[in-house]
Structures are given as structure tokens and as C-alpha cells.
Amino acid sequence: MAINLASKYSDQIAEVFTRSSFIKGKTAETFDLTGVKTLKVYTPITVEEVDYDRDGGLGRYGAVTEMQDVVQELTMTQDKAFTLTIDKGNNLDQNLVKNAADMLRLQLSEKSTPSADKYAFKRFVTMAGTIAESEKPTRADIISKIADASQALDDALVPDDNRYLYLTSEMYKLVCTSDEFSGVDVLARQSIAKGVCGEVFGMNVVRVPKSYLPEGVYFLVAHKDAVLMPYKIADAKVHEDPVGVSGALIEGRHYYDAYVLGAKCGGVYALVATGMVSAAPTVSGGRIAPTISQGKITAFGKVRYTLDGSDPRYSDSAKDYVAGTSLTAETGCKIRAVMTESGKYPSAVAEG
């Protein structure tokens, strides 16, 4: 006999995950991946304005251009599973299902949720619209560095509300003890969402365990509408007295992923340690070359490029570049490229 816990306890499972996660509830809910594993997001590309030509005949408004789209394909890749047993000798028969559900919730809280959060933080940093380098912040400059992040979002026209600043306890301590800042209300928002403990420059401050942010990442700022974290339980059930087990066998499977939406990537900013960002390639004469700095050539990492002017970090049209290949873009379009060196975060986008 098998009892399907995914349907019987689906609401409780979702509640446990949301309550335990530092990220869930702070991401966009615009795109529903329920029932599918892959979703393509189409973002229209606008055109530059021109001067109206009164004597231009049918071309008064400029050359007619067909609306193009930037396509970003989102596919959930994290397909995880677990299995547990509850021996009949340790449990009364009438409590079997209840204890199995309790174990499932415990598994989610202590293993599944932290693992998913850590994965999401790494993805958000890797896919951030801006990845800035810095020496380790101090009490004297932590507020200035956070202000830089806030300014970057302002310049990208990111809405003021629903901005989240994810800090480790070490960085949060620097904020609270900084001479440049005072008045952090550490109790102001604890009842609203897990980890939220105040505001800095209008951003909700979320204090997370050090192990949750990737090594060398000082803080992450993400607007709710710029990031996605689809998560679903695909299968969760308890088998009573299967072959070889006197009691219950619990099996669970869930899959999820995390993304930064390319059209809103300006809403994600990460500050990382100096030397952790790849050097940007050079685009010139239809070719992509390594960056030359102080007479030294930076070794090629993995280069992705587009010929339609779209951002190669998110565009479905991006391709891997082979050194020495000559590229030709359509008239009016840009060649754009980004490089990722081993062990580093992606570079800024180069154009040519």
C-alpha cells in the first residue's frame, strides 16, 4: 500500500518550504512553471527614436523595423530525491502516515530547503546584471558599498519597492556598527518574512547564514521581480511494509531552479572579492580577442556571443565562440560577448 503525500500534504509541504527558505516569497511569481519543466520568456526589443522628417514621404517616421524579441529559455535542472524508513518497531501502526509526513517536513526544512537556497544564491550571483569587485568591506566603507549597489539599481530604473539586500551576519554587524549608519531596527520586520531584520537605503535587509552565500560574495541585492525560483514537489509517498522493510519506506522527489530574468537583470547586483570576476573580451573588426592588460594577454575562458544585439548572458541566440572565427552582424546590430574564466564569475558584456 502506498499513500501519496504530495497530494495529501501539498499545502503543508509548500508552507514548510516557504517558511524555512530565505528566498521563497522574495522572488517573482509572474511565470508559472507548474506542469512544465521548460519555459521560454520573450522580451520585445524596442527601437531608437529618430527625428521626424516632414519631407520624408512614407519614411517620415524612419525606417520600418520588425519588432524583435530576446528569448530566454528557463529549464529546471535540479532534480533531487531522498528516501527514509520508519521501522514498525519504533512506531504505532495508526501513527504511520502522520510520522511519515513529519519526516518529510523535517527533510525539507533541514536538507532540501537549505540546499535549494544555496543553489539559488549562487545562480543569482552568477547571473547578476552587475557583478562588482571589491576588497573586503570594513566598518568604514560598508555603507558606501551598499550605496553603490542602490545607485546601480536606481540608474537601471529599478522600482524602489521589493528590493532585498542579502547579507551574512558578519557584513550585517559591520552595517550596524558603522559610523555612517545608525537606526537599524533589528526587530522591525522579523514577523514579515524569514531573515528580514530592517532596511538600508529602502532595501529590506535579509541576514543569512555565511554558508548560504557563495565563497567570496560579500552581499547580494535582488529586486523581487528580477529573480525567479520555481520549485515543485514532483513525488512524495510512503510505502507500508514494502519488501525488505518492516514499517514505512518514504520516498521523495522534488525539482527546482533559479534564474535572473535578462530583461530585468539591472535589478540584481553582487559584490564579490577582488579577482573573482573574469576579464571582459575585446570585440574589434568582427573578431573577439582576449583583453590585453599591461602588455599581458588574459587567457581565454568560455566566451558566449550574440550577433543580434541581445545580451549573451541571457539570450537564447547566444553561441559559444571559437577563437579566430570571423563574425558578421547585420547592419545596425552589435556583436556582444561575455567571457567566463575557470573559477570566476562572468565578465561585463563587451560590444563591437
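These remarks concern the structure in this document. (Residues numbered from 1 in each chain as written. Predicted model: local features only at pLDDT ≥ 70, side-chain atom pairs only at ≥ 80, totals over all residues. Heavy atoms only, no water.)

## As for the side chain of serine 112
Thinking step 1. Checked against the element boundaries, serine 112 lands in helix H3 (residues 96-126).
Thinking step 2. Within the local environment of serine 112, its side chain forms a polar contact with the side chain of histidine 254, the two groups lying 3.4 Å apart.
Thinking step 3. With sequence-adjacent residues up to four places away left out, serine 112 is seen in contact with Phe82, Gln107, Tyr231 and His254. (Helix = DSSP H or I, 4+ residues; strand = E, 2+ residues; numbered from the N terminus. Polar contact = N/O pair within 3.5 Å; in protein donor to acceptor, adjacent residues only side chain to side chain. Contact = heavy atoms within 4.5 Å.)

## Some remarks on the environment of phenylalanine 201
Thinking step 1. With respect to the element layout, phenylalanine 201 can be found in the loop between strand S7 (196-200) and strand S8 (203-208).
Thinking step 2. Looking at phenylalanine 201, the relative accessible area reads 42%, which means it is partly exposed.
Thinking step 3. Measuring from C-alpha to C-alpha, the distance between phenylalanine 201 and isoleucine 143 comes to 9.4 Å, with 58 residues separating the pair along the chain.
Thinking step 4. Apart from residues no more than four positions distant in its own chain, phenylalanine 201 is found in contact with Ile143, Ile146, Ala147 and Ser150. (Buried < 20%, exposed > 50% of the residue type's maximum accessible area, 1.4 Å probe, protein only.)

## Brief notes about the nonpolar core
The tendency in soluble globular proteins is for nonpolar side chains to be buried side by side.
Thinking step 1. Judged by nonpolar contacts, the single largest core of 60 residues is most densely connected at Phe121, Leu165, Phe219 and Val272.
Thinking step 2. Take this core: its biggest share by element is seven residues, from H3.
Thinking step 3. If sequence neighbours within four positions are ignored, valine 272 has contacts with Val125, Ile131, Ala132, Glu133, Ser134, Gly216, Val217, Tyr218, Val277 and Tyr345.
Thinking step 4. Ranked by size, the runner-up nonpolar core spans ten residues in total, among them Ile288, Ala337, Met339 and Ala350. (Core = buried A, V, L, I, M, F, W, Y, C linked by side-chain atoms within 4.5 Å.)

## Quick notes on helix H5 (residues 169-177)
Thinking step 1. Along H5, the positions that sit buried rather than exposed are Met171, Tyr172, Leu174 and Val175. Angular distribution of buried residues about the axis of H5 spans 155°; they occupy a single face of the element. (Arc of directions from axis to C-beta.)

## Describing the environment of leucine 167
Thinking step 1. Here leucine 167 shows up in strand S6 (residues 163-168).
Thinking step 2. When the C-alpha positions of leucine 167 and valine 217 are compared, they lie 9.4 Å apart, and in sequence the two are 50 residues distant.
Thinking step 3. Setting aside anything within four residues of it in sequence, one finds leucine 167 in contact with Tyr172, Val175, Val205, Val206, Arg207, Val208, Tyr218 and Phe219.

Treat this as a map of the structure, not an account of what it does.
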